[in-house]
Amino acid sequence: MDDKTILNRISELVDEEHRLRSAAQEHESGTDDEAKERLRALEESLDQCWDLLRRRRAARQAHGDPDAQGERPVPEVERYLQ
């Protein structure tokens, strides 16, 4: 997966996240359990994509092989401190 593909995936995930959050705001009762679960999954996928993109860029700057970088599991990415 190249950087452009990762950025396109991020864009798709963000668009879907915005649609779900907008729909939740339109309904005063909030989102249903299925929508909440999908939002959580979107956030995790976004974290994975951003992590992969950062590591690919870092590898490139260090004259390494960005294609050697793979997607990390959700539990590993989610434990990062911001």
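See the structure shown above.
Residues numbered from 1 in each chain as written. Predicted model: local features only at pLDDT ≥ 70, side-chain atom pairs only at ≥ 80, totals over all residues. Heavy atoms only, no water.

Caption draft 1: Quick look at the overall build of the protein chain. Of the regular secondary structure elements, the protein chain holds 3 helices and 0 strands. When its helices and strands are written in sequence order, the protein chain yields α-α-α. Its C-alpha atoms give the protein chain a radius of gyration of 15 Å, more than 25% over the compact-globule value 12 Å for 82 residues. Buried positions account for 27% of the 82 residues belonging to the protein chain. When contacts within the protein chain are restricted to residue pairs at least 6 apart in sequence, those whose partners lie at least 24 apart make up 58%. When the accessible area of the protein chain is evaluated, it comes to approximately 6,000 Å², of which 47% is carbon and sulfur surface. (Helix = DSSP H or I, 4+ residues; strand = E, 2+ residues; numbered from the N terminus. Rg over C-alpha atoms; globule rule 2.2 N^0.38 Å. Buried < 20%, exposed > 50% of the residue type's maximum accessible area, 1.4 Å probe, protein only. Contact = heavy atoms within 4.5 Å. Areas by Shrake-Rupley, 256 points an atom, 1.4 Å probe, with all protein chains shown as cover.)

Caption draft 2: Just helix α2 (residues 33-61), in detail. A rise of 1.5 Å per residue sets the reference length of α2, with its 29 residues, at 42 Å; its end C-alpha atoms lie 42 Å apart and thus fit the reference within 8%. Phi turns positive, to about 60°, at H63, one or two residues after α2. (Expected span 1.5 Å × (residues − 1).)

Caption draft 3: Representation of the pattern of salt bridges in the model. All chains considered together, the criterion is met by 12 salt bridges. Residue E16 pairs with R38 through a salt bridge whose shortest N-O separation is 2.8 Å. Of this pair, E16 sits in helix α1 (residues 3-26) while R38 is found in helix α2, placing the two residues 22 residues apart along the sequence. Three or more residues are tied together by salt bridges with common partners; here these are D3, R56, R60 and D67. (Salt bridge = Lys/Arg side-chain N within 4 Å of Asp/Glu carboxyl O.)

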